[in-house]
Amino acid sequence: MAKQRLIFILYNLVVVCGILCLLELTFQYLINHPARIPKSILKPFQHYYSYNFRNTIQMDTACARYDSGLFYTLKPGICCFNNVEFETALTINNLGTRDSEEATQNPEIIFLGDSFTMGWGTPDDSCFTAFVKHKTPRKILNAGISSYGTAREIKLLSRLDTDSLRTLVIQYHNNDFEENQEYVKGPFKLKISNERTYLDFTEKVRKRSDYYFGKHCANLAYNTLKNITGKYDLYKFDPEEVRDFISVLEHSAVPLDNVQIIFFETCSYNNYISKFSDELQTEIQNKTYPDYIRNIKILKLEGILTDNDYYILDDHIRPSGHKKIADKLLQIL
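Computed from a predicted model, the values in this text were never measured in an experiment.

1. Focus on unusual backbone geometry
The omega torsion across Gly 186 and Pro 187 is 0°, close enough to zero to call that bond cis. Along the chain, Pro 187 falls in the loop between α6 (177-185) and α7 (195-208). A positive phi angle is found at Phe 71, which is not glycine, with a value near 80°. For Phe 71, the position within the fold is in strand β2 (residues 71-74). One non-glycine residue, Tyr 269, adopts positive backbone phi at about 55°. Counting through the fold element by element, Tyr 269 comes out in the loop between β8 (260-265) and α10 (276-283). Taking the relative accessible area as the measure of exposure, Tyr 269 reaches 24% and is therefore partly exposed.

2. Thoughts on helix α8 (residues 215-229)
In this model, α8 (15 residues) spans 21 Å end to end at C-alpha, consistent with the 21 Å of a helix rising 1.5 Å per residue. Taken as a whole, α8 has its buried residues at Lys 215, His 216, Cys 217, Asn 219, Leu 220 and Asn 223. Looking one or two places after α8, you find Gly 230, whose phi comes out positive at around 70°.

3. Details of the side chain of Asp 60
Note on placement: Asp 60 falls in the loop between α2 (42-52) and β1 (64-67). One buried charged side chain, Asp 60, makes no salt bridge at all; its nearest oppositely charged neighbour is Lys 75, positioned 7.5 Å away. Only 3.0 Å separates the side chain of Asp 60 from the backbone nitrogen of Ala 62, close enough to count as a polar contact.

4. A few points about the packing of aromatic side chains
One pair of aromatic rings is described through two measures. These are the centre distance and the angle between the planes. Inspection of every chain in the model, using the stated rule, returns 23 aromatic pairs. Seen in terms of ring centroids, Phe 128 and Phe 264 are 5.5 Å apart; in terms of plane orientation they differ by 75°. Their pairing is edge-to-face. Here Phe 264 lies in strand β8 and Phe 128 lies in helix α4 (residues 128-135), a separation of 136 residues in the sequence. Neither residue differs from the other here; Phe 128 and Phe 264 are each classed as buried. Ring geometry for Phe 237 versus Phe 276: centroids 6.5 Å apart, planes at 80°, classification edge-to-face. Linking Phe 237 in the loop between α8 and α9 (240-250) with Phe 276 in helix α10, this pair joins segments that are 39 residues apart in sequence. Classification of Phe 276 by relative accessible area gives buried; the value is 0%.

Procedures and definitions
- Residues numbered from 1 in each chain as written.
- Predicted model: local features only at pLDDT ≥ 70, side-chain atom pairs only at ≥ 80, totals over all residues.
- Heavy atoms only, no water.
- Helix = DSSP H or I, 4+ residues; strand = E, 2+ residues; numbered from the N terminus.
- Buried < 20%, exposed > 50% of the residue type's maximum accessible area, 1.4 Å probe, protein only.
- Expected span 1.5 Å × (residues − 1).
- Lys, Arg positive; Asp, Glu negative; His and termini not counted.
- Salt bridge = Lys/Arg side-chain N within 4 Å of Asp/Glu carboxyl O.
- Polar contact = N/O pair within 3.5 Å; in protein donor to acceptor, adjacent residues only side chain to side chain.
- Phe/Tyr/Trp six-rings, centres within 6.5 Å; stacked < 30°, edge-to-face > 60°.

Dropping the structure here:
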């Protein structure tokens, strides 16, 4: 009797392990072939990929380095940055931004922003800054760095050659809010952790992408449950975002009085739910602001990009989307 029970238990363990293996292999296949993921379960895959799977450039010590004033910048040289849906090589100058050395000297147009401006997932010649550069005689510098908020972008601006600066293009994402808010409450001082903290972060991110048996099943089950129960963190627009953004610009160490500022907002997965641009358009009409704030030109991208202009698992924009953004920017520039 005891022997039969043992055989029964072992048989069921083998069946469970077999099913788990099959599921793990299936999920691994779907991650490597995202176009085959059914739309009904795509969102849990996207969250799993973003937080437990993909390589993050700013936490990759082969592509980024600690900076005592900005926490990190990109590492000068050629960096290979690859994920499931793309393989790219980034050319990084000595300032730690994605552009040539020549571009750092007397640029007339400087682009500030995060990973969208940096060109996450695109070749050097296929991000919107490169497309703009090909169509205008004006000298351009791409100073976008992944995960920077406006506060660090403006701090970075003070390191750049701005003698010839005439136009400043600022790309915004709703995840800039926390950094900007903290900076304004500082007051107006960035809180930068030490190098040990940065290296600990990089190791934590590296381990996050390590595989262990059952990882796909466990994490996808967890993300599916969050999706069903509606417990994903949902962004809620706060008008204070706009005032903090303007405050950051007003406290720039680089005088912006004679600079034309162009603003546009990007989003993840073509999900334009922010009211930031509309609120900014209203706020800058306040006559108490200086002219360079009141004269900000706002470019709205909602309706310009399609789902096909975004990667499937990754929340960033494909080269086709960058080309569309460049075309709209050129109409203003």
